[in-house]
There are 2 protein chains.
Amino acid sequence: MDNVTIKMLAKELNLSTAAISKALRDSHEISDSTKQRVLELANRMNYIPNAYAGSLRRRKSNTIAVVLPEVADSFFSLAINGIESVAREKGYHVLIYLTHESFKREQDILKEFQSGRVDGILMSLTAETASYQHICALEAKNIAPLVFFDRVCDESNTAKIMTDDFESGYKATKHLIECGCKKIAVLSISNYLSISSKRLEGYKQALQDHSIPFDPINLIYCGNDADSNYRFIRKILHEKDRPDGILATVEKLTTKVYLACRELSLRIPDDIKIVSFSNLSAASLLNPSLTTITQPAFEIGKAAATVLFKSLDKKSFQLENIREVLPSELIVRGSTVSGQ
Amino acid sequence: MDNVTIKMLAKELNLSTAAISKALRDSHEISDSTKQRVLELANRMNYIPNAYAGSLRRRKSNTIAVVLPEVADSFFSLAINGIESVAREKGYHVLIYLTHESFKREQDILKEFQSGRVDGILMSLTAETASYQHICALEAKNIAPLVFFDRVCDESNTAKIMTDDFESGYKATKHLIECGCKKIAVLSISNYLSISSKRLEGYKQALQDHSIPFDPINLIYCGNDADSNYRFIRKILHEKDRPDGILATVEKLTTKVYLACRELSLRIPDDIKIVSFSNLSAASLLNPSLTTITQPAFEIGKAAATVLFKSLDKKSFQLENIREVLPSELIVRGSTVSGQ
DNA sequence: TATATTTACTTAACCGATTAAGTTATTTCC
DNA sequence: GGAAATAACTTAATCGGTTAAGTAAATATA
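Computed from a predicted model, the values in this text were never measured in an experiment. (Residues numbered from 1 in each chain as written. Chains lettered and ligands numbered in written order. Predicted model: local features only at pLDDT ≥ 70, side-chain atom pairs only at ≥ 80, totals over all residues. Heavy atoms only, no water.)

(A) Here's a closer look at the protein's contact with DNA strand C. Around DNA strand C, a shell composed of 25 residues is seen, among which A:Ile6, A:Arg57, B:Glu29, B:Thr34 and B:Arg59 lie nearest. When atoms of DNA strand C within 4 Å of the protein are sorted by moiety, sugar and phosphate together comprise 61%. For DNA strand C, a base oxygen lies 2.7 Å from a polar atom in the side chain of B:Lys22. Residue B:Arg59 places a side-chain N or O atom 2.3 Å away from a phosphate oxygen belonging to DNA strand C. Contributing elements (two or more residues each) for the surface near DNA strand C: helix H1 (6-13), helix H2 (17-24) and helix H4 (51-58) of chain A together with helix H2 (17-24) and helix H4 (51-58) of chain B. Here the residues of the surface near DNA strand C sort into 9 nonpolar, 7 polar and 9 charged. (Near = heavy atom within 4 Å. Polar contact = N/O pair within 3.5 Å; in protein donor to acceptor, adjacent residues only side chain to side chain. Helix = DSSP H or I, 4+ residues; strand = E, 2+ residues; numbered from the N terminus. Nonpolar A, V, L, I, M, F, W, Y, C, P; charged D, E, K, R; others polar.)

In structure tokens:
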């Protein structure tokens, strides 16, 4: 039960705790022979330093927080993989906080970080986040360096790792238009998120470049409840002037679209074409296979963590105005082009 | 930068730090009027206790660890959701450790827990784990209560939350046999994991009950590398006496099977039928839709966390010999029955 | 009225490590 | 040979809380 402490090592070797501590940290104040003895004993007694004693004294926890809406989403789970790969290499621990798209939770979580629990924060905003005081407060108080990934906060000027959302929205829409779509609906989960608005801008630009007027009726905002999203989508696809193309900006909405199409006997891609932002590895196996905008999720996580650790390794490193934009890829499959 | 501490509150109110601490913890030693004053000031100054000071003194971190092979897997990501939902309610923090199926990592991670970083551990073994000293050591030293979920360790007698793996293996195999399969291959990732052997036992029992001899050649062990798994599966499906039924015990292998079938022009379910352990929400949208054994992933995570917190809340609570078995469900779809 | 108890605190030790500021003994240098 | 520098430690303060033990005043009890 009781773990080996520095005090026990000190008693055993007739040294002060200070000497042990310094020996373990390879201080020049300690002779090589003593260091040897300390190291040997520490190994033999299986000494593991108390995680919190050092954190308290040094005001450093070797822990980062990842704040994100959801894990059960291939983009975020891959991003976590990327983050974890860097954190592990650096010997850091990773705390996970799920907001489940709740702004209140996001606020509570950030507030808790004032406890000094984490040295750095990686964050992707909730779909609800429309006010940024909690983020400003965090930054103003200089609590911990913050790096946004994917769902970044334009109102903050800390580091942001993102994909080319405008271009992605543009590419996807252009592709749908070129496949013959005249009425393209955009499924979104937020009118606050900058990724949403950028994707939407890309969409609008593509329409404009192809002389299709933008009609706000084609903007469809879904919520957090899977069932009502399904019913909503189904209702829209059931209408007389239903869309003939769908751009789903969120992976989870695609399932609903497929199900609704199936139930309404709408043929994909003949009656309706679909492009979805998705990292689903089974995208190519769907019926029909799904045309996706696929983000480099793992790389985004990795890049975000890498930038964060630059700041943690060197206090002078400035996160401000850092923007990394990684390209997404349009992968054309059967939901837009038959026979693919 | 410098956070509000108890010392600052004490100075402000002309009280000792002890009084503040006790007031904040609503001790009977402090008068109501003083408590009021302390609480009011703490609120006003936005006092957030240092996360590590209390943890050090009280030897309690309000943090649990989740040790698992992978997040980019719908079972595990849903389980994390379940765990997080309980942890959040209890005011605990969740550290995530990914083993990526590496035994060495699992050992290192467990060893680190001797630092007292976490109050409790939720764990799912790696596919490689065949030795259990690291787990015994953890338990012997009484470092933190440990609850296994899904990939449990039979050699330990701490709490285990699992699904009915034998029955699932049985049901899946029986279904394949009833669909006409004569030669059913089992895709597995481990011959160590108890879930694997239980599923396999169920498979064998089903064969026996239907008078089909068990042939070890139908046992196919895949590794951790996606590409070589694919090539391996493809090779097997290319052979003359290829299987006519596949039971994939791991979600990620299913994609490979579908791809291999497509490349080899094997028709599912006509030429080959597939059942997979999977929590993929898109299972019904695959081409053909996938017959699955679906585990109650969220509930498993939730149950595991609930049991762990029982032990954390009441030290006398015995985790030993606790076994909760939640039922999985066979969902018949198009990969075994055409037209589904 | 004297003693016991309760109330509402304060003091000081403590959790386990880190580190600034000493303290010797030894070596270096002029 | 004596001052200065260096090596190899120790002492004690510190991080920010928690808590056992102590204390003084107020109240209760005999």
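(B) Representation of the protein's contact with DNA strand D in the model. With respect to spatial proximity, 27 residues lie near DNA strand D, and among them A:Glu29, A:Ser31, A:Arg59, B:Ser21 and B:Arg57 are the closest. Among atoms of DNA strand D positioned within 4 Å of the protein, sugar and phosphate together represent 61%. Between DNA strand D and the protein, one listed contact pairs a phosphate oxygen with a side-chain N or O atom of A:Ser31 at 2.6 Å. The set of elements that each furnish at least two residues to the surface near DNA strand D consists of H2 and H4 of chain A together with helix H1 (6-13), H2 and H4 of chain B. When the residues that make up the surface near DNA strand D are grouped by side-chain class, the tally is 10 nonpolar, 7 polar and 10 charged.

(C) Expanded view of the side chain of B:Ser276. Residue and element names in this part refer to chain B. Summarising the element assignment, Ser 276 is placed in strand S9 (residues 273-277). For Ser 276, a relative accessible area of 0% puts it in the buried group. Those residues in contact with Ser 276 that lie beyond four places of it in its chain are Ala 248, Val 250, Glu 251, Thr 254, Leu 290, Thr 291, Thr 292 and Ile 293. (Buried < 20%, exposed > 50% of the residue type's maximum accessible area, 1.4 Å probe, protein only. Contact = heavy atoms within 4.5 Å.)

(D) Representation of the pairing of strand S6 (residues 184-188) of chain B. Residues and elements named next belong to chain B. By the criterion of burial, S6 is predominantly enclosed, with 5 of the 5 residues buried. Residues Ile 184, Val 186 and Ser 188 of S6 are buried on one face, and the alternating residues Ala 185 and Leu 187, pointing to the opposite face, are buried as well. In this sheet, strand S8 (residues 245-248) lies alongside S6 in parallel orientation, the contact comprising 4 bridges. Bridge pairing in S8 links Val 186 to Leu 247. Pairing geometry for S6 and strand S7 (residues 219-221), over 3 bridges, is parallel. Each residue of the ladder has a partner; that of Ser 188, found in S7, is Tyr 221. Following the chain from S6 across helix H9 (residues 194-209) to the adjacent parallel S7, one finds a crossover that is right-handed. (Pairing = 2+ DSSP bridges. Right-handed = clockwise from strand over helix to strand, strands pointing away.)

(E) Representation of the domain arrangement of chain A within the structure. Partitioning chain A into domains gives domain 1 (6-49), domain 2 (60-163 + 297-326) and domain 3 (165-295). The straight-line distance from the C-alpha centre of domain 1 of chain A to that of domain 3 of chain A is 63 Å. (Domains from an automatic or database assignment.)

(F) Structural detail: the interface of chain B and chain A. Listed by partner, the interface residues are 53 residues for chain B and 53 residues for chain A. Counting across the chain B and chain A interface gives 0 salt bridges. Of all the secondary-structure elements, those providing two or more residues to the side of chain B that touches chain A are H4, helix H5 (74-90), strand S2 (93-98), helix H6 (103-112) and helix H11 (251-263) of chain B. Classifying every residue of the side of chain B that touches chain A by side-chain character gives 24 nonpolar, 18 polar and 11 charged. (Salt bridge = Lys/Arg side-chain N within 4 Å of Asp/Glu carboxyl O.)

(G) View of the environment of B:Lys273. All names here are of chain B. Summarising the element assignment, Lys 273 is placed in strand S9. On the accessibility criterion, Lys 273 (14% relative accessible area) is buried. In terms of polar contacts, Lys 273 uses its side chain to reach the backbone carbonyl oxygen of Pro 269, at 2.9 Å.

(H) Up close: the relation of the copies chain B and chain A. Placing chain B over chain A gives an RMSD of 0.1 Å and needs a rotation angle of 180°, together with 0.0 Å of translation along the axis. Look at the turn and shift together and you get a two-fold axis relating the two. (Least-squares fit on C-alpha atoms with pLDDT ≥ 70 in both.)

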